[in-house]
Amino acid sequence: GAVVSQHPSWVICKSGTSVKIECRSLDFQATTMFWYRQFPKQSLMLMATSNEGSKATYEQGVEKDKFLINHASLTLSTLTVTSAHPEDSSFYICSAREVGTGGYEQYFGPGTRLTVT
Amino acid sequence: AQTVTQSQPEMSVQEAETVTLSCTYDTSESDYYLFWYKQPPSRQMILVIRQEAYKQQNATENRFSVNFQKAAKSFSLKISDSQLGDAAMYFCAYTDYGQNFVFGPGTRLSVLP
C-alpha cells in the first residue's frame, strides 16, 4: 500500500517552455501533497505544500508564479515549471500524506529528472 | 525553527555487521514524529522506520531499530546484519503533526562485501 507515482520520470525541454509533472497517490487519498527539489548529493528541499482544493503554500524563496502547483483531487497534484531555464534543471520529488492516518509520514514518488537545454 | 542534524556525512559497514547512524534534532514541541528514510541509487525515498515522541519504547522493524532519547533529542538508527542492499543515503526527518517536515542532510552508507 501507500504507493505514489510520478510522471514523467525524465523530461528534457527547451529554455522558455513549460513542463508539467504529475503526482498521483495510487491506493490512498492524500489530504496533503508536498513538492521537493533535490540537488545532487544533497538533502530534499521543500518547495511547497498543497492541500486538496486550496492554494499551495510556498516556502520562502520559491517563486509561486514560476512553479505552479495544483491539487485538484485527493489523488492528484501537478507541478508546472513555467518558462523553464537551465537553472531549473533538477530532480523533483513529490510526496503525499494519507487522509486520516495518525502517522504523519510521507510517501514519496520516484521523482522526475528535469533537464532544461 | 526545527532543525535536524546528521553529523556523519558518510559511513561504511562490513556486510553482516551492525552500524549505527546518528541524528539529533532541535524542537520546542513535546509531541512530534521522527522518521528514517532510505534513498538508494534509484533515488526512490523509502520509509524505514518511524517513532512517535510520546512513546518511550524504541521502534523496531526487522533489522532496523532506533535509539530514541527524547531528553537528549537524539534519534539514532541501528542496522543489524547489514546487507548489500542497505547501501543508500539515509535521511532523518522530523514532523510536528505534519505542519513542518524537516529533513537532515543525510548520511551515505556503504556496505562492504
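Residues numbered from 1 in each chain as written. Chains lettered and ligands numbered in written order. Predicted model: local features only at pLDDT ≥ 70, side-chain atom pairs only at ≥ 80, totals over all residues. Heavy atoms only, no water.

**Q** Would you take a moment to explain the interface of chain B and chain A for this structure?
**A** Accessible area lost on assembly of the parts is the figure often given for the size of an interface. Counting residues at the interface gives 18 residues for chain B and 19 residues for chain A. For the pair chain B and chain A, the summed buried surface comes to about 1600 Å²; carbon and sulfur atoms form 54% of the total. Put simply, chain B and chain A have 1 salt bridge between them. Between the two partners, chain B and chain A, sit 7 residue pairs in polar contact (both at pLDDT 80 or more). Elements represented by at least two residues in the side of chain B that touches chain A include exactly strand E5 (33–39), strand E6 (46–52), strand E10 (88–95) and strand E11 (101–103) of chain B. Ranked by the residues each element gives to the side of chain B that touches chain A, the list is headed by E5(B), at 4 residues. Residues that form the side of chain B that touches chain A fall into these classes: 10 nonpolar, 5 polar and 3 charged. (Contact = heavy atoms within 4.5 Å. Buried area = accessible area lost by both parts, 1.4 Å probe. Salt bridge = Lys/Arg side-chain N within 4 Å of Asp/Glu carboxyl O. Polar contact = N/O pair within 3.5 Å; in protein donor to acceptor, adjacent residues only side chain to side chain. Helix = DSSP H or I, 4+ residues; strand = E, 2+ residues; numbered from the N terminus. Nonpolar A, V, L, I, M, F, W, Y, C, P; charged D, E, K, R; others polar.)

**Q** I'm lost on the sheet that holds strand E1 (residues 4–7) of chain A in this one. Help?
**A** In any sheet, the strands associate via hydrogen bonds between backbone groups, in a parallel or an antiparallel arrangement. Residue and element names in this part refer to chain A. Read from one edge to the other, the open sheet built from 4 strands follows the order E1-E3-E8-E7, with strand pairing classed as antiparallel. Two strands in the sheet have a free side with no partner beyond their single neighbour: E1 and strand E7 (67–73). Strand-to-strand twist across the sheet, computed as the mean angle between neighbouring axes with direction ignored, equals 15°. Two strands pair when backbone bridges link them, and E1 and strand E3 (residues 19–25) are joined in this way by 4 bridges, in the antiparallel orientation. Paired with His7 across the two strands is Glu22, which belongs to E3. (Pairing = 2+ DSSP bridges. Axes fitted to C-alpha atoms, helices over the stretch in contact; angles between N-to-C directions.)

Limitation: the analysis is restricted to geometry and does not speak to function.
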